[in-house]
Amino acid sequence: MRLSDEKLSRKIIMRIILIAGVILFAIVLCLLIVMSIIMHEEESIILQKPNIVVILSDDLGSHDLSLRGNNQILTPNIDALGYQGIILRHHYTSAMCTPSRAAFLTGKYPIHTGMQHSVILQSEPRGLPLNEKILPEYLKEAGYKTHIVGKWHLGFARKSFIPTHRGFDSHVGYLGCYLDYFDCTYMTDFRPIAPGFDFRHNESLYRDRVGEYLPDVLTDEASKIILNHNSTEGPMFLMMSQIAPHAATPREPFQTIPEDFEMMGHIQNPKRRSYAAMVRALDRSVGQIVKALEKKDILENTIILFFSDNGGPTIGIHHTTASNYPLKGQKDSPWEGGLRGTALIWSHLLRQRHYVSDHLTHITDWLPTFAHLAGVMHSKSEKLDGHNIWPTLSNNKSATRTEILHNIDPIIGYSSYYRDGWKYVNGTTSNGIYDTWLGDMPQENSPESLNYSQLVMNSDVWLALNPFSLKVLKTTDLEALRSQTEINCGQRILNSTNCYPLKAPCLFHLKEDPCEMSNVAHLEPNTMKDMEKRLNELQDSAVTPGNVPVDLNADPALNDFLWTWWLDK
């Protein structure tokens with residue numbers, strides 16, 4: 001009887017083990033199915049090939065967005081884009097216009113394209129090297145319709161340099177660096193060259209809108225492209241390269257319309273008031289572009305990215321009173337004020353949204369990121385300096401980037417480099433006149449700032465994007481996110497010294513010292529040695545700067561008072 005009981009017990013145990021095994025197998029199978037669904041969803045994002053809209057502002061001060069806590073200039077549409085999406089508070093660019101645009105479109109550091117020194121001057125006979133494959137060319141291969149509206153600034157001495165010969169299906173805008181906001185002429189401030197007209201639709205002159213306010217004209221032209229896009233012909237890539245708030249002309253840098261200027265009556269400094277009005281035009285532009293996407297009913301499969309090409313110029317050439325405070329320096333400098341801005345990205349396809357990102361990101365990262373989302377696989381074989389940051393941002397997980405080469409300029413003789421929290425600066429620009437903290441403004445709060453959260457929630461961008469929110473956002477959520485964008489300079493590091501980069505290299509620990517107040521080079525000899533070793537390696541990979549002397553044959557007086565591809569004539 002006992003033997004029979006033992007056999008029965010063994011059978012029961014075996015059945016239990018078998019049932020447990022079946023249950024475990026089912027659990028594993030379910031997990032695999034779930035993982036497969038997740039992976040399929042990720043792949044479906046690529047297969048859907050989302051529309052990509054990039055709004056690039058020009059010379060915007062990093063402190064001149066109200067989501068950064070600035071109550072003097074309110075930017076409700078831009079802020080709404082950040083609160084509904086992701087706010088990137090450690091987004092780095094180059095310190096000037098041409099290098100930044102080259103880095104964005106190539107995915108490479110300027111030292112690898114010959115764009116590391118200054119900008120392409122209006123009468124300089126060069127362009128972004130033609131052997132460089134740029135973002136619209138990658139996207140066209142993936143079936144995209146590609147458009148650019150606004151500024152190019154990557155060369156036009158030959159027709160082969162201009163956007164419609166570099167992968168863009170269309171271009172409405174200007175080829176040079178800036179324009180008069182009303183008559184679309186460029187007047188150089190370096191040479192005795194005549195003013196010239198510089199506004200085109202593709203390769204033809206476009207005078208129909210002369211006299212209108214250029215930031216609004218560019219917005220309207222971008223909206224037309226969105227509304228006229230035929231989704232059955234492929235997805236859309238639109239690079240909206242706004243002029244605002246860049247200075248207009250050397251003689252009249254501040255150009256606004258009365259409606260915007262009057263809204264800034266709380267600002268006493270007339271220059272700062274005009275600049276604020278130009279920023280207001282930029283904010284209106286963002287709102288209208290998002291409204292066009294909503295009207296076209298393509299927001300659900302669109303990525304919207306906003307950032308500035310570099311920090312704002314508080315003083316010096318083409319200064320606008322822009323503020324990057326409390327960061328050190330400004331445009332055209334090796335300091336954080338010229339390099340570190342705030343980028344905003346929104347997409348219904350992002351798994352995580354409504355957060356402030358501390359991920360280290362660089363302007364070169366967008367090409368491999370967008371190429372990945374478009375299903376362009378062979379971009380990985382190119383020698384890119386950028387990283388695909390979509391998984392990092394979408395899942396809010398650890399970033400892969402640990403270093404950024406800001407620049408090595410052998411003509412001026414300066415270098416700026418970041419790695420693992422440390423920043424190395426050797427030499428500087430403009431004989432050091434920007435090597436301080438600029439742009440601290442008086443407390444002149446806009447009357448509308450008393451209802452800041454409500455102002456944002458009533459904006460065009462908020463109303464368009466809120467239906468896609470991952471959660472119900474309250475005013476307290478906006479306040480919490482806004483507080484996280486604040487930059488706290490902290491205290492001066494013990495035993496640190498002042499930095500004189502024209503005399504000796506400097507080292508900063510940015511996690512403790514984001515405002516670059518404390519030079520610790522003498523305290524960290526090993527770190528200095530490692531940083532310089534890596535810089536030497538990067539220098540060995542650099543190409544020669546592409547700068548050439550200006551060509552007086554570019555003078556519009558010799559070319560029907562036009563800025564045109566004079567070398568082809």
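Treat the numbers as computed from the prediction; the structure is a model and nothing was measured.

Calculation criteria
Residues numbered from 1 in each chain as written. Predicted model: local features only at pLDDT ≥ 70, side-chain atom pairs only at ≥ 80, totals over all residues. Heavy atoms only, no water. 1 Å grid on protein atoms, 1.4 Å probe; cavity = no way out; pocket = protein on both sides within 12 Å on 5 of 7 lines; lining within 4 Å. Points joined across faces, edges and corners; volume = space filled by probe spheres on them. Helix = DSSP H or I, 4+ residues; strand = E, 2+ residues; numbered from the N terminus. Nonpolar A, V, L, I, M, F, W, Y, C, P; charged D, E, K, R; others polar. Core = buried A, V, L, I, M, F, W, Y, C linked by side-chain atoms within 4.5 Å. Buried < 20%, exposed > 50% of the residue type's maximum accessible area, 1.4 Å probe, protein only. Contact = heavy atoms within 4.5 Å. Salt bridge = Lys/Arg side-chain N within 4 Å of Asp/Glu carboxyl O.

1. Some thoughts on empty space enclosed by the protein
Then comes step 1: Applying the stated rule across the entire model yields 6 cavities of 30 Å³ or more.
Then comes step 2: Around the largest cavity, the lining is made up of 18 residues, and of these Ala95, Met96, Gln116, Asn407 and Tyr414 lie nearest the centre.
Then comes step 3: Contributions of two or more residues to the lining of the largest cavity are made by β14 (403-409) and β15 (414-419).
Then comes step 4: Of the residues forming the lining of the largest cavity, the biggest block, 3 residues, is contributed by β14.
Then comes step 5: Split by residue class, the lining of the largest cavity holds 7 nonpolar, 9 polar and 2 charged.
Then comes step 6: Of the volumes computed, that of the second largest cavity is approximately 110 Å³.

2. Observations regarding the nonpolar core
Then comes step 1: Phe104, Phe199, Phe306, Trp366 and Phe370 are the most contacted members of the largest nonpolar core, which has 127 residues in total.
Then comes step 2: Per element, the largest residue contribution to this core is 12 residues, and it comes from helix α7 (residues 270-296).
Then comes step 3: Excluding its chain neighbours within four sequence positions, the residues that come into contact with Trp366 are Leu88, His91, Phe104, Leu305, Phe307, Ile345, Ile389 and Leu393.
Then comes step 4: The next biggest cluster of nonpolar side chains, apart from the first, holds 15 residues, and it includes Ile111, Tyr424, Leu507 and Leu538.

3. A short note on the pattern of salt bridges
Then comes step 1: The full count for this structure, using the stated rule, is 26 salt bridges.
Then comes step 2: In this structure, Arg209 engages Glu212 in a salt bridge whose closest nitrogen and oxygen atoms are separated by 2.9 Å.
Then comes step 3: Residue classification places Glu212 among the partly exposed positions, given a relative accessible area of 34%.
Then comes step 4: The partner of Glu221 in a salt bridge is Lys224, with the nearest N and O atoms 3.9 Å apart. Taken together, the positions of Glu221 and Lys224, both in helix α5 (residues 214-228) and 3 residues apart, correspond to about one turn of that helix.
Then comes step 5: Under the relative-accessibility criterion, Lys224 is labelled partly exposed at 38%.
Then comes step 6: Residues joined in a network through salt bridges with shared partners are Arg209, Glu212, Asp220, Glu221 and Lys224.

4. Looking at unusual backbone geometry
Then comes step 1: With omega at 0 degrees, the peptide bond leading from Ala244 into Pro245 counts as cis.
Then comes step 2: Mapping Pro245 onto the fold places it in the loop between β9 (236-241) and α6 (258-262).
Then comes step 3: Cis geometry is adopted by the peptide bond preceding Pro326, which originates at Tyr325 and carries an omega value of 5 degrees.
Then comes step 4: Note on placement: Pro326 falls in the loop between β10 (302-308) and α8 (336-339).
Then comes step 5: Positive phi, normally seen in glycine, also occurs at Asp297, with a value near 65 degrees.
Then comes step 6: Here His354, not a glycine, exhibits a phi torsion of approximately 60 degrees, which is positive.
Then comes step 7: For His354, the location among the structural elements is in the loop between β11 (340-347) and β12 (355-357).

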